[in-house]
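# Observations on the model geometry
Spelled out, the chains give:
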Amino acid sequence: MNSRTLERASYGTLIAGVIAALAHALVTSSVAGDVLYGVGAVVVASAAILSARVNTPDVRVWGGLLIIGVLSAASQVLADPDLGVRAHFLAEVLSLSVQVVLVLGLLVVAQRRIGREPLGVLADSAIVALGAWLVCWILLLRPLLETSTDGAATVTLRGIALSAAVIVLLVLATLLFGDAENGPVVWLASGAIVASLIGDVLWAVHDAALAEIATSLRNAPYVLALFAAAATLLHPTISNLAAQGPYQSARPMAWRLVTVTSGLVVPLAVFAITDAQDTRDRVVRSTAVIVLACAVLARVILAVRSNAVLQQRLVTSAQTDALTGLPNRSLMLEHVDTALRTAWRDGRQPAVLFIDVDRFKNINDSLGHAAGDDVLMAVAGRLRVVLPDYCVVGRIAGDEFVVLDPRASGPGDAMLLADRVLESFHEPLALRQGDVFVSASIGVSTYRPSVTNSADDLLRHADTAMYRAKESGRNCVAIFDESMLESVTQRLAVETALYRALERRELRLVHQPIIDVSLGEVVGFEALMRWDREDGSTVSPAEFIPIAEETGTIVPIGAWALLEALTHLSEWIAGGWCPRDATMAVNVSPRQLSDPNFVNVVSEALTRAHIPARQLWLEVTENVMISQPDQALAALTKLGDLGVRVAIDDFGTGYSSLSLLQRFPIHRLKIDRSFVAGVADKPDARALVRTIIAMCDSLGLDTVAEGVESVHQLHTLGELRCAKAQGYLISHPVPPEQMASTVALLSDIGAWPRIRNPRV
């Protein structure tokens with residue numbers, strides 16, 4: 001029998017119980033009532049046996065429910081008015097036993113599921129239970145003691161049973177007020193208990209002569225309780241009833257507050273509108289109210305303490321790093337601000353060290369984020385050990401740590417402290433995965449009233465110096481000076497303006513012709529980007545291209561440049577200014593190659609410009625294929641499938657791994673200008689260029705020499721059989737509208753000896 005079938009059987013049993021209870025309440029025949037009651041007892045027994053075999057619940061749970069069912073059935077049989085006083089006494093004993101078993105069973109379940117705030121839950125439950133007991137005393141127990149004719153012992157047991165029912169209510173409220181998820185089985189069990197308690201209340205109301213209630217109606221809740229207990233046993237999640245359940249994502253505070261408030265207000269209202277009948281009544285009432293007041297006071301105290309603890313946790317959480325336990329950015333700013341405000345009094349120059357773990361991303365990528373977390377905790381621990389106690393260490397983001405030295409007297413003290421930190425990383429970090437060596441780049445900033453106006457300034461200056469240390473090769477220390485701030489400000493201005501440069505049409509392309517060395521004819525062009533700002537200033541490509549790459553704006557800019565360059569080539573071919581098979585070379589950045597839409601961008605540009613794919617050269621650097629080999633290989637392979645050809649730009653200045661030429665779809669090598677510069681008069685340079693050309697010939701690769709600036713260099717390249725060349729000797733990069741005259745000039749082969757070297 002699968003769990004789905006058991007779940008349906010459970011809900012079917014509950015529905016049958018509701019029908020049986022209604023039938024019991026409406027049918028006045030005692031025989032029919034006894035039959036329904038007997039059926040309920042049989043259903044409970046059958047469900048317990050089936051549950052023990054299929055669901056394998058906690059033996060205390062199903063055994064307790066079975067005992068409750070048997071005792072309840074026997075109690076109701078013995079409560080028959082025709083059986084006499086002894087039978088009634090035994091019925092009360094069994095009823096009290098039911099309450100005791102209920103309390104024990106609920107305690108087993110509740111202590112596993114009470115959750116994260118046990119004292120508060122118990123206090124709320126106590127308020128509800130005490131209030132219920134006060135109402136029970138005023139409305140039921142006291143009238144019952146005065147009016148019942150069943151004998152003192154029976155009446156006493158009945159009162160004890162009702163009081164035990166209040167304890168059941170207490171433990172049940174504790175269970176329902178807890179933080180654990182209350183699934184269907186909890187609500188089924190709670191329904192069985194509540195139905196049983198309702199039956200007890202109906203019997204007490206009748207016995208106290210408060211109202212005449214028919215026996216069939218009084219026993220109907222017990223019938224429902226039996227079937228609900230059977231439904232609980234049949235439900236497949238019964239095995240998890242006494243287990244520690246998952247916590248609810250949001251505590252049910254609203255209904256809990258309403259329940260507790262009602263459990264306090266209703267009893268007090270009943271207490272206020274009724275008068276004490278005698279001394280015993282007065283003593284019991286007063287005692288109950290005092291105990292209830294104590295419970296309320298205890299709950300208030302618990303709530304205040306809990307709120308104070310929660311507030312402290314929130315403050316701690318808001319001001320400390322969850323991983324390392326170090327102060328975070330906001331708390332570090334407070335510490336720095338305090339140090340700055342007292343610096344003038346002691347003649348100090350508080351210093352801040354901004355520490356960044358070098359190549360931390362590589363650790364995460366290679367060893368996993370768990371190892372990265374271990375590295376950060378190890379770094380935090382090492383900083384605590386190596387630094388003086390008066391220094392404050394914080395982690396403000398990712399792999400960035402900040403150290404405050406409030407006692408520094410100048411830059412010298414700060415640099416000594418930074419050197420100590422740097423030396424501490426010479427020893428490996430002991431991780432679970434093994435020893436790991438890391439280095440750090442450190443930026444140092446000391447308080448100077450002329451340039452430091454706030455704690456945020458001091459932190460920002462140290463951050464700026466840290467980036468200078470990164471640019472200097474990492475694993476070093478840089479101290480802040482005003483020139484760094486100017487550099488950062490300039491970079492930010494360029495970065496901000498670059499976002500709008502394309503739409504403002506500030507970007508333009510210039511083109512440098514590429515000639516066939518043996519023929520002296522123009523066979524292609526390289527597109528180069530220029531940025532002329534609205535204010536008349538010009539930004540160097542060496543300055544804005546890296547920024548565009550870092551910020552991602554290179555993707556839309558590169559797409560524009562590609563289409564623009566191919567459009568120019570199409571216009572020149574249509575105008576007859578260059579051969580129909582002339583090519584266009586466009587530089588491509590790593591960010592563009594990693595863009596999943598880049599191949600589509602290239603294909604669309606070729607289509608719109610009506611240029612065959614083989615007339616487009618995409619130039620990449622060697623570093624792209626080293627740093628992002630998988631992405632680069634995938635993108636270049638797809639481009640090769642289109643027919644686009646790929647060139648390695650500045651060959652020889654990067655890793656120059658020959659395996660790149662075998663693994664990647666490369667069609668051309670561009671010999672860097674640093675080798676071409678000495679090809680005419682330096683034997684070593686000439687030998688190196690000769691080797692590159694010979695290697696390309698053997699691999700079937702095209703060659704282009706960059707940076708040709710003299711006729712002697714061009715002639716030497718011709719002797720070495722270099723296929724193509726470009727450089728200032730041939731032509732400066734020129735705007736598209738000047739290309740016709742430039743190509744016409746270069747077509748005059750006799751003009752070559754007269755071209756002067758325009759070194760710039």
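Residues numbered from 1 in each chain as written. Predicted model: local features only at pLDDT ≥ 70, side-chain atom pairs only at ≥ 80, totals over all residues. Heavy atoms only, no water.

### Topic: the pairing of strand β13 (residues 645–651)
We apply this condition: Only protein chains enter the accessibility calculation, which uses a 1.4 Å probe. A residue is then buried if its area is under 20% of the maximum for its type, exposed if over 50%, and partly exposed in between. Comment: elements are numbered from the N terminus, with helices defined as DSSP H or I runs of at least four residues and strands as E runs of at least two. Two strands make a pair as long as DSSP finds a minimum of two bridges between them.
Within β13, six of the seven residues are buried, which leaves the element mostly enclosed by the surrounding structure. Both strand β12 (residues 616–621) and β13 contribute to a ladder of five bridges, which runs parallel. Paired with Glu619 across the strands is Ala647, a residue of β13. Strand direction decides the pairing type here: β13 and strand β14 (residues 668–671), joined by three bridges, are parallel. Residue pairing across strands places Phe651 opposite Ile671, the latter belonging to β14.

### Here we look at helix α25 (residues 683–699)
Test applied: For a helix, the expected span equals 1.5 Å multiplied by the residue count minus one. The reported arc concerns the directions from the helix axis to the C-beta atoms and nothing else.
Taking 1.5 Å of rise per residue, 17 residues should cover 24 Å, and α25 covers 24 Å from first to last C-alpha, within 8% of that figure. Turning to α25, its buried residues are Ala685, Val689, Ile692, Ile693, Met695 and Cys696. For α25, the arc enclosing every buried residue in end-on projection is 160°, short of the 170-degree limit, so these residues lie on one face. Of the exposed residues in α25, those oriented more than 90 degrees away from the buried face are Pro683, Asp684, Thr691, Asp697 and Ser698. Phi turns positive one or two residues past the end of α25, at Gly700, with a value near 75°.

### A look at the sheet that holds strand β1 (residues 351–357)
To be explicit about the condition: Interaxial angle, 0 to 180 degrees, is taken between N-to-C directions of lines fitted to C-alpha atoms, where a helix line uses only the stretch in contact. Two residues qualify as a contact provided that any one of their heavy atoms is within 4.5 Å of a heavy atom in the partner residue.
In spatial order, the strands read β2-β3-β1-β6-β7; together these five strands make up an open sheet with mixed pairing. Strand pairing shows two members of the sheet lacking a second neighbour, β2 (392–397) and β7 (477–479), which therefore form its edges. Looking at each pair of strands side by side, their axes are set apart by 20° on average, direction ignored. Two strands pair when backbone bridges link them, and β1 and strand β6 (residues 440–446) are joined in this way by seven bridges, in the antiparallel orientation. Across the sheet, Phe354 pairs through a bridge with Gly443, a residue of β6. Strands in contact with helix α14 (residues 411–424) are β1, β3 (400–405), β6 and β7; relative to β6, the strand with the most contacts, it is inclined by about 165°.

### Thoughts on the nonpolar core
Short version of the rule: Each nonpolar core is a collection of buried residues, namely Ala, Val, Leu, Ile, Met, Phe, Trp, Tyr and Cys, held together in the definition by side-chain atoms within 4.5 Å.
Core analysis: the biggest nonpolar cluster contains 80 residues, and Phe525, Leu618 and Leu669 have the highest contact counts within it. The element best represented in this core is helix α18 (residues 554–575), accounting for nine residues. Those residues in contact with Leu669 that lie beyond four places of it in its chain are Ile648, Phe651, Leu661, Ile692, Met695, Cys696, Leu701, Asp702, Thr703 and Val704.

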